[in-house]
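Chain residues, written in single-letter form:
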Amino acid sequence: MKFGISTFVTDDGIDPVSLARAVEERGFESLVVAEHTHIPASRESPYPMGGELPSIYYRTLDPFVTLAAAAAVTSRIELFTGIALLIQRDPIITAKEAASIDLISGGRFVFGVGAGWNIEELRHHGTDPKTRGALLDERIEAIQALWTTEPAEYHGRFVDFDSSYQRPKPVQKPHPPIYIGGDSDATVKRIIRHEAGWIANPLPVDHLAKRIGQIRDGADHDVPLAQFGTPDDPDYWRAVEDLGFGQVALLLPTKPLDESLRLLDKLAAHVADYRG
């Protein structure tokens, strides 16, 4: 099982360049970054973890800019959106941004996508909450078309463009890996439909096992499993490795440079102990 680092990169924490270098230098295998375009002041949608929404949600850097900076100063780690809120993104622009990172990095981009939870946030982007699942499906398919064909076209209910040329194409063939986030029956169906992987939150092991069983029962492909926000808990690591997770991304709290480096040292030491 691979170990990466997941975090919220913000304007008051460790900078993307220092973070990416430190993650790679310590032997981790991926950098997974979260996305929120903005946080509406209304705060109608409750925070899924309960309580007040942490300040990191208000301050996140754009994940594609962050990963492009990381790509320029690393040579080995995977660069993973965890997750890009595709229902809030133009698919043509997103396809180009993602393919550009894959090119700059030499084929290290991983596309984690999802629908998100903040209803007001997605409404500000013109997305109807009632149709966000169908919109997500079409945008995934449209991006795949732009990555893999030339000229590409897509004609759906929500995404519709005529035959077009777009470069660059991704380095990875047929395209970068796609992981879908979420925890619902609809998520299971979406993973199966798009022959994607699952990027899960650190849910209880028995719940993860149930979802994985549903996915594997319906899928015709070998479904890769990843995680965002994995706790520093070797017993939990062992349990999810037994479930078949190919990679986890340990949660790095958003802190200034020096404290972040100390935390990364601590996590790296724990991973080394786990691996024996």
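Please refer to the structure higher up on the page.
Owing to the predicted nature of the structure, the values given are computational and were not obtained by experimental measurement. (Residues numbered from 1 in each chain as written. Predicted model: local features only at pLDDT ≥ 70, side-chain atom pairs only at ≥ 80, totals over all residues. Heavy atoms only, no water.)

> Got a sec to walk through helix H2 (residues 63–72)? Specific residues and values, please.
Every buried residue of H2 is listed here: Pro63, Phe64, Thr66, Leu67, Ala70 and Ala71. One face of H2 carries all of its buried residues, which in axial projection span an arc of 155°. Residues Val65 and Ala72 are exposed on H2 and point more than 90 degrees away from its buried face. Considering only its buried residues, H2 is in contact with helix H1 (16–25), strand S2 (30–33), strand S3 (78–81), strand S4 (84–85), helix H3 (91–105) and strand S5 (109–114). Looking at where H2 begins, the residue whose side-chain oxygen comes 2.9 Å from the main-chain nitrogen of Phe64 is Asp62. (Buried < 20%, exposed > 50% of the residue type's maximum accessible area, 1.4 Å probe, protein only. Helix = DSSP H or I, 4+ residues; strand = E, 2+ residues; numbered from the N terminus. Arc of directions from axis to C-beta. Contact = heavy atoms within 4.5 Å. Polar contact = N/O pair within 3.5 Å; in protein donor to acceptor, adjacent residues only side chain to side chain.)

> For empty space enclosed by the protein, give the residues involved together with the corresponding values.
Summed over all chains, the structure comprises one cavity of 30 Å³ or more. Computed from the structure, the largest cavity encloses a volume of approximately 40 Å³. Taken together, Thr7, Phe8, Val9, Thr10, Gly13, Ile14, Leu252, Pro253, Thr254, Lys255 and Ser260 form the lining of the largest cavity. In terms of residue class, the lining of the largest cavity is made up of five nonpolar, five polar and one charged. (1 Å grid on protein atoms, 1.4 Å probe; cavity = no way out; pocket = protein on both sides within 12 Å on 5 of 7 lines; lining within 4 Å. Points joined across faces, edges and corners; volume = space filled by probe spheres on them. Nonpolar A, V, L, I, M, F, W, Y, C, P; charged D, E, K, R; others polar.)

> Describe the packing of aromatic side chains, naming the residues involved and giving the relevant values.
For the coordinates displayed, the defined rule picks out 12 aromatic pairs. Plain terms: the ring middles of Phe3 and Trp237 are 4.9 Å apart, the flat faces sit at 70° to each other, and that makes the pair edge-to-face. Note that Phe3 is positioned in strand S1 (residues 2–7) and Trp237 in helix H8 (residues 234–243), a separation of 234 residues in sequence. Relative to Tyr57, the ring of Tyr47 lies with its centre 5.4 Å away and its plane at 75°, an arrangement referred to as edge-to-face. Residue Tyr47 is located in the loop between S2 and H2, and its partner Tyr57 is located in the loop between S2 and H2; the two are separated by 10 residues in the primary sequence. Overall, Tyr47 belongs to the buried group, its relative accessible area being 14%. By way of ring pairs, the aromatic residues Phe8, Tyr47, Tyr57, Trp117 and Phe228 are connected into one cluster. (Phe/Tyr/Trp six-rings, centres within 6.5 Å; stacked < 30°, edge-to-face > 60°.)

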